[in-house]
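Listed below, chain by chain, are the residues.
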Protein chains: 2
Amino acid sequence: MSLRAVAREAGVSPAAPYHHFKDKNELLEAIAEQGWDLLGDMLAKARIESGSNYGPLALVGVTYVRFAREHPALYRVMYDRSRDREALPDRQHGHNGAYDRVRTALVQAGLDPTDLVGLELAAVAAWSAAHGLAEMACFKQFQPLKDQLGGEEAFLRGVFEHMGIFAEGPKR
Amino acid sequence: MSLRAVAREAGVSPAAPYHHFKDKNELLEAIAEQGWDLLGDMLAKARIESGSNYGPLALVGVTYVRFAREHPALYRVMYDRSRDREALPDRQHGHNGAYDRVRTALVQAGLDPTDLVGLELAAVAAWSAAHGLAEMACFKQFQPLKDQLGGEEAFLRGVFEHMGIFAEGPKR
DNA sequence: GCGGCGATCTTGACGCCGTAAAGTATCTTG
DNA sequence: CAAGATACTTTACGGCGTCAAGATCGCCGC
């Protein structure tokens, strides 16, 4: 993606974007921020969803991965910016704190809220698993397995079932 | 990273690399391939390592993440190429099949070798977790937690303990 | 009503990039 | 030693991110 191409598509000169963003990176940051907000909203919506047959954590996991799979380019921009700044988005930076949301879901899933270290480790585990699966799910070599299981959703759920924290109920 | 910069560093003209690689991408593919071979060797070495206090799967997980942390640029090249071709490296493409290695370790860890679907799901889960953690572990916000646990290795181990398949012994 | 001003855009330029074509030097081999 | 392969250079093209210098236009206070 080139800034000049964006300007062309918008029907303006190549230098026009510089009156709205300091440079290309700042444009991408703005896009990423909107993306995190959108993902945060989807996670919030997923958590109050009724009739789900997932455990509360698996639900946010599947929602996270589905978001990444439905907006692959956006998700890439989002995560690449995080990697550049070496930090996950939190409320301090203006977005709605998807990371906090994971911790909340973990407490709801039965983790001890007073065990701060355990909670943090579980949050990292959950986010790692979701992000990792989001990146793995796009590989073609899993298509047969997805077909065999009856679709991508079942595949995601099957994978999450192999990860302790996503299993039904409080941690072993 | 620019091809011209590589040529400059090697003391040759900008066009010289084109006599060894079709284009920039092919150079990166070659680098990635060497990377996967190196990682495969490290995983093999880790598995025969004596005196380890990890479960067999956690050992390969920690080794995988440590490799990614020690060679972040290389790991990025490796994974980015995989994402482009939408496939993990396997023996068919000439390298030593890191993916097969994970499946082998899973069987050694006690999974039923005849349950092909379960084995495949577990392999995806393990690889997702390792890749996800490799990408998360670089975030600065976890530094306090790492310090509190006594180093990055303990941090990694703590996270893996929260993921079912990495826990000691056969799956729950 | 009008002068100025800020916002928004254009033009043109700079240096860097990936890549291609054509030419040159060096090394190998019959 | 001739001939061809190998490794490299030079030159060039178009695209990129970015910047400085204007141009245009709508709005506000006088």
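Model, not experiment: these values are computed from the prediction.

Enquirer: I'm lost on the overall build of chain A in this one. Help?
Expert: Each helix and strand in chain A was counted, giving eight helices and zero strands. Per-residue burial for chain A yields a buried fraction of 47% across its 172 residues. For chain A, long-range pairs separated by at least 24 residues make up 60% of all intrachain contacts whose partners lie at least 6 apart in sequence. Accessible surface for chain A amounts to roughly 8,400 Å². Of this, 52% is attributable to carbon and sulfur atoms.

Enquirer: Looking at this structure, how should I read the packing of aromatic side chains?
Expert: Given two aromatic rings, their pairing is described by the distance between the two centres and the angle made by the two planes. With the rule as written, the count across this model stands at twelve aromatic pairs over all chains. Seen from their ring centres, A:Tyr64 and A:Tyr75 are 5.7 Å apart, and the 85° between their planes marks the pair as edge-to-face. Taken as a pair, A:Tyr64 in helix 3 (residues 56-70) and A:Tyr75 in helix 4 (residues 72-85) lie far apart in primary sequence, eleven residues in all. Of the residues examined, A:Tyr64 reaches a relative accessible area of 5% and is grouped as buried. Judged by centre distance (5.9 Å) and plane angle (50°), the ring pair of A:Phe139 and B:Tyr79 falls under tilted. Taken together, the positions of A:Phe139 in the loop between helix 6 (116-136) and helix 7 (143-149) and B:Tyr79 in helix 4 (residues 72-85) put the pair across two chains. Neither A:Phe139 nor B:Tyr79 differs from the other in exposure class; each is buried. An aromatic cluster of at least three residues, connected via ring pairs, comprises A:Trp36, A:Tyr64, A:Tyr75, A:Tyr79, A:Trp127 and B:Phe139. Residue placement shows A:Lys146 over the ring face of A:Phe155; its charged tip is 5.5 Å from the ring centre.

Enquirer: Which parts of the structure should I look at to understand the protein's contact with DNA strand D?
Expert: Looking at DNA strand D, there are 15 residues lining it, with A:Leu3, A:Arg4, B:Ser13, B:His19 and B:His20 nearest. The share of sugar and phosphate among atoms of DNA strand D within 4 Å of the protein is 48%. Take A:Arg8: an N or O atom from its side chain is 3.2 Å from a phosphate oxygen of DNA strand D. At 2.6 Å, a side-chain N or O of B:His20 approaches a phosphate oxygen of DNA strand D.

Enquirer: Mind showing me how you'd approach the protein's contact with DNA strand C here?
Expert: Lining the immediate environment of DNA strand C, one finds 17 residues, of which A:Ser13, A:His19, A:His20, B:Leu3 and B:Arg4 sit closest. Residue A:His19 places a side-chain N or O atom 2.6 Å away from a base nitrogen belonging to DNA strand C. Within the backbone of B:Leu3, a nitrogen or oxygen atom sits 2.7 Å from a phosphate oxygen of DNA strand C. When residues of the surface near DNA strand C are assigned to their parent elements, the largest contribution, three residues, is made by helix 1 (residues 3-10) of chain B. Classifying every residue of the surface near DNA strand C by side-chain character gives eight nonpolar, four polar and five charged.

Enquirer: What exactly am I supposed to notice about the relation of the copies chain A and chain B here?
Expert: These two copies of the chain differ by a rotation about an axis and a displacement along the same axis. Placing chain A over chain B gives an RMSD of 0.0 Å and needs a rotation angle of 180°, together with 0.0 Å of translation along the axis. Taken together, the rotation angle and the small translation identify this as a two-fold axis.

Enquirer: Just checking my understanding: could you explain the packing of helix 3 (residues 56-70) of chain B against helix 4 of chain B for this structure?
Expert: Describing two packed helices takes the angle between their axes plus the distance from one axis to the other. Residues and elements named next belong to chain B. Put simply, helix 3 and helix 4 touch, their axes get as near as 5 Å, and they point 110° apart. The orientation of helix 3 with respect to helix 4, classified from their angle, is roughly perpendicular. Contacts between helix 3 and helix 4 involve Tyr64, Phe67, Ala68, Arg69 and Glu70 on the former and, on the latter, Pro72, Leu74, Tyr75 and Met78. Tallied by class, residues from the contact of helix 3 with helix 4 come to seven nonpolar, no polar and two charged.

Enquirer: I tried to follow the interface of chain A and chain B on my own but got confused; where do I start?
Expert: As a measure of interface size, the accessible area lost when the parts come together is often cited. With 43 residues of chain A at the interface, the matching set in chain B holds 43 residues. For the chain A and chain B pair, buried surface summed over both sides reaches about 4,000 Å², with 65% attributable to carbon and sulfur atoms. Contact with chain B buries surface across chain A, with A:Arg83, A:Leu121 and A:His162 losing the most and accounting together for 18% of the total. Inspection of the chain A/chain B interface yields two salt bridges. One salt bridge connects B:Glu135 with A:Arg83, and the closest N-O pair in it is separated by 2.0 Å. Among the secondary structure elements, those contributing two or more residues to the side of chain A that touches chain B are helix 4, helix 6, helix 7 and helix 8 (152-161) of chain A. Partitioned by chemical class, the residues of the side of chain A that touches chain B number 23 nonpolar, ten polar and ten charged.

Enquirer: Explain the nonpolar core here, please?
Expert: A general feature of soluble globular proteins is that nonpolar side chains tend to end up buried together. Core analysis: the biggest nonpolar cluster contains 100 residues, and A:Trp127, A:Phe155, B:Trp127 and B:Phe155 have the highest contact counts within it. When residues no more than four places from it in sequence are discounted, the contact partners of A:Trp127 are A:Trp36, A:Tyr64, A:Tyr79, A:Leu88, A:Ala98, A:Tyr99, A:Val102 and B:Met136.

Enquirer: Would you mind going over the side chain of B:Glu135 with me for this structure?
Expert: Among the secondary structure elements, B:Glu135 is positioned in helix 6 (residues 116-136). A polar atom in the side chain of B:Glu135 sits 3.0 Å from the side chain of B:His131. With residues up to four places along the chain from it excluded, the contact list for B:Glu135 reads A:Tyr79, A:Arg83, A:His131 and A:Glu135.

Thresholds, definitions, all that
- Residues numbered from 1 in each chain as written.
- Chains lettered and ligands numbered in written order.
- Predicted model: local features only at pLDDT ≥ 70, side-chain atom pairs only at ≥ 80, totals over all residues.
- Heavy atoms only, no water.
- Helix = DSSP H or I, 4+ residues; strand = E, 2+ residues; numbered from the N terminus.
- Buried < 20%, exposed > 50% of the residue type's maximum accessible area, 1.4 Å probe, protein only.
- Contact = heavy atoms within 4.5 Å.
- Areas by Shrake-Rupley, 256 points an atom, 1.4 Å probe, with all protein chains shown as cover.
- Phe/Tyr/Trp six-rings, centres within 6.5 Å; stacked < 30°, edge-to-face > 60°.
- Lys NZ or Arg CZ within 6 Å of the ring centre and 35° of its normal.
- Near = heavy atom within 4 Å.
- Polar contact = N/O pair within 3.5 Å; in protein donor to acceptor, adjacent residues only side chain to side chain.
- Nonpolar A, V, L, I, M, F, W, Y, C, P; charged D, E, K, R; others polar.
- Least-squares fit on C-alpha atoms with pLDDT ≥ 70 in both.
- Axes fitted to C-alpha atoms, helices over the stretch in contact; angles between N-to-C directions.
- Parallel < 35°, antiparallel > 145°, perpendicular 65-115°, else oblique.
- Buried area = accessible area lost by both parts, 1.4 Å probe.
- Salt bridge = Lys/Arg side-chain N within 4 Å of Asp/Glu carboxyl O.
- Core = buried A, V, L, I, M, F, W, Y, C linked by side-chain atoms within 4.5 Å.

Take it as geometry only, folks, not as evidence of what the structure does.
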